[in-house]
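# Examination of the molecular architecture
Each chain, letter by letter, is given below.
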Amino acid sequence: MSSAPVTIIPCLTDNYAFLIERDGRAVVVDPSEASPVIKAIEAKGLKLEAVWNTHHHWDHVGGNRELKKKYGCAIVGSWTDRYRVPEIDTTYEDGQSFQFAGLNVEVIAIPGHTIGAVAFYLPEIKSVFTGDTLFILGCGRLFEGTPEQMWQSLTRLMELPKDTLVYCGHEYAKANAAFAKAVFPDDASINRHVLALETKLNNLQPSVPGTIEQELLTNPFLRSGNAERFAELRRLKDGFRR
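The structure contained in this document is the topic of the report that follows. (Residues numbered from 1 in each chain as written. Predicted model: local features only at pLDDT ≥ 70, side-chain atom pairs only at ≥ 80, totals over all residues. Heavy atoms only, no water.)

### So, unusual backbone geometry
Cis geometry marks the peptide bond from V208 to P209; its omega dihedral reads 0°. With respect to the helices and strands, P209 occurs in the loop between helix 6 (188-202) and strand 14 (210-211). Despite not being glycine, D23 shows a phi value in the positive range, around 55°. Topologically, D23 is positioned in the loop between strand 2 (15-22) and strand 3 (25-29). Judged by its relative accessible area of 71%, D23 falls in the exposed class. (Helix = DSSP H or I, 4+ residues; strand = E, 2+ residues; numbered from the N terminus. Buried < 20%, exposed > 50% of the residue type's maximum accessible area, 1.4 Å probe, protein only.)

Given below as C-alpha cells:
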C-alpha cells in the first residue's frame, strides 16, 4: 500500500477535516473552518495544493475561502455543486478520476444527504472519504435526496473492498451506537463494536476511521437489504431519542 498519511483534524463541535499528505504535498477534505487546518499544515511544513469538498453544506466548506486566499489552493467538488461550493475551481462527475501526488482518486456520486454529494476513493491507500453519507454505525439525513437514492449510494460504498478505511465527516458514533443497539439489542457484533468505540471515545480518540467490513457487520442501515427497509430505519433514526 502506498504511503500517504491521513491526519484527522477536529473542527467546530463535531466535524472532522482530513489532511492527506505525500512527499511534502497535501490536500484537505471538507475543511469546515480554516484555522485548525492551517495549524496542522504549518506544523508539518506542507504545501496545500487543494481542498476536496464532498458536498456544499457550510460545515464542510466553511474554510474554503481563507485557505484559498492563504495558499492559492484549488477547490475541488462535484459538478452538481458547481454553484454551491464557495470558490470552486474544478468539478468532477460520477466515475471520473484524477491524481494527487501519483495517487489515483476516484469520484463516486453518492446523492441522498444532498443531491451533489460525492465520495473520494483512493484505492492505493485503501481509503474513502464519505462526507455525511456513510458514518460509523450510521448514515446522513435525507435533506435533498430520496431513500432510493441514498440506498443506492450506500450500496455503491458497500461494494468497495472490505479493508477500505472509511473517513466520515462527523463524530456521531455515540448517538449512532445507541440507535444500533436499540434496533439490534442482542446482536453480538454490534455490542462488541460499541464497546470498542466507547473505549476510544472515553480516551478522547476519534471513532474514525472505520472499515467497510466493520460497517457491513454493524451498521443498521447497511443491513437494510432494500430501499423500503432503509427508508423505515431512516425515519426511526430521525425520531430517535436516547
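### Here's the deal with the pattern of salt bridges
Within this structure, the stated rule accounts for 13 salt bridges. E87 is the salt-bridge partner of R65, the closest N and O atoms lying 3.5 Å from each other. Of this pair, R65 sits in helix 3 (residues 64-71) while E87 sits in the loop between strand 5 (74-78) and strand 6 (90-92), and the two are 22 residues apart along the sequence. Looking at E87, the relative accessible area reads 34%, which means it is partly exposed. As a salt-bridge pair, R156 and D94 come within 2.9 Å of each other at their nearest N and O atoms. Of the two residues, R156 is situated in helix 4 (residues 147-158) and D94 in the loop between strand 6 and strand 7 (97-100); the sequence distance between them amounts to 62 residues. In the salt-bridge network here, residues are joined through shared partners; they are R65, K68, E87 and D89. (Salt bridge = Lys/Arg side-chain N within 4 Å of Asp/Glu carboxyl O.)

Spatial relationships are all this shows, so hold off on functional conclusions.
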